[in-house]
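Structural features, examined
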Amino acid sequence: QVQLVESGGGLVQAGGSLRLSCAASGRIFSINVMGWYRQAPGKQRELVATITSGGGTNYADSVKGRFTISRDNAKNTVYLQMNSLKPEDTAVYYCNFKDGVRDDWGQGTQVTVSS
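Rules of the game
- Residues numbered from 1 in each chain as written.
- Predicted model: local features only at pLDDT ≥ 70, side-chain atom pairs only at ≥ 80, totals over all residues.
- Heavy atoms only, no water.
- Helix = DSSP H or I, 4+ residues; strand = E, 2+ residues; numbered from the N terminus.
- Rg over C-alpha atoms; globule rule 2.2 N^0.38 Å.
- Buried < 20%, exposed > 50% of the residue type's maximum accessible area, 1.4 Å probe, protein only.
- Contact = heavy atoms within 4.5 Å.
- Areas by Shrake-Rupley, 256 points an atom, 1.4 Å probe, with all protein chains shown as cover.
- Lys, Arg positive; Asp, Glu negative; His and termini not counted.
- Charge placed at Lys NZ, Arg CZ, Asp CG, Glu CD.
- Disulfide = S-S within 2.5 Å.
- Salt bridge = Lys/Arg side-chain N within 4 Å of Asp/Glu carboxyl O.
- Core = buried A, V, L, I, M, F, W, Y, C linked by side-chain atoms within 4.5 Å.

When helices and strands are tallied, the chain shows zero helices and 11 strands. Listing every helix and strand of the chain by position from the N terminus yields β-β-β-β-β-β-β-β-β-β-β. Relative to the compact-globule value of 13 Å for 115 residues, the chain shows a C-alpha radius of gyration of 13 Å, a close match. On the principal axes, the C-alpha backbone points of the chain span a range of 40 × 25 × 20 Å. For the chain, the proportion of its 115 residues judged to be buried stands at 44%. Pairs at least 24 apart in sequence give 52% of the contacts found in the chain among residues at least 6 apart. Element-wise, carbon and sulfur atoms account for 49% of the exposed surface of the chain, whose accessible area totals about 6000 Å². The centroid of the 12 positive side-chain charges in the chain is displaced by 2 Å from the centroid of its 9 negative side-chain charges.

Pasting the structure below:
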């Protein structure tokens, strides 16, 4: 199992920015996909963005142009820079790690955007 520790959530006003970080530890193979998902109250967990170990990215339409995912492979850390935040971005954000065998999740970090 890969351990994932998230940080960087908090309360921000609409239009503001936050940066989430997720550090992975454990037995990590070089080929993997890390990403961010979110779950708002009463809703299903949804994809926000993913990034492969080679740097390929994928974004939900709702965050394109506002969020940027990046990673530091040397540190096994993935980041999510969130700009122009909206109240509808309020959710618990979860870090995810996949490598074809494992599918591990972090504990989640709360992001609250006030209007």
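Another aspect to go through is the state of the cysteines. Applying the stated criterion across every chain yields a total of one disulfide. One disulfide in the model links Cys-22 with Cys-95; its S-S distance is 2.1 Å. Its torsion about the S-S bond being -85 degrees, the disulfide of Cys-22 and Cys-95 is classed as left-handed. Remark: Cys-95 occurs in strand S9 (residues 91–98) and Cys-22 occurs in strand S3 (residues 18–25); sequence separation between them is 73 residues. Under the relative-accessibility criterion, Cys-95 is labelled buried at 0%.

This next bit is on the pattern of salt bridges. In the structure shown here, the tally under the stated rule is six salt bridges. Note that Arg-38 is salt-bridged to Asp-89, the shortest N-O span being 2.9 Å. Note that Arg-38 is positioned in strand S4 (residues 33–39) and Asp-89 in the loop between strand S8 (77–82) and S9, a separation of 51 residues in sequence. Given a relative accessible area of 1%, Asp-89 falls into the buried group. Residues Lys-64 and Asp-61 are paired through a salt bridge, measuring 3.1 Å at the closest nitrogen-oxygen approach. In this structure Asp-61 comes out as exposed when scored by relative accessible area, which is 63%. Salt bridges here are not isolated pairs; linked through shared partners, they connect Arg-38, Glu-46, Arg-66 and Asp-89.

On to the nonpolar core. In this structure, Trp-36, Leu-80, Met-82 and Tyr-93 are the most contacted members of the largest nonpolar core, which totals 28 residues. Every element with two or more residues in this core is listed here: S3, S4, strand S5 (46–52), strand S7 (67–72), S8, S9 and strand S11 (109–114).

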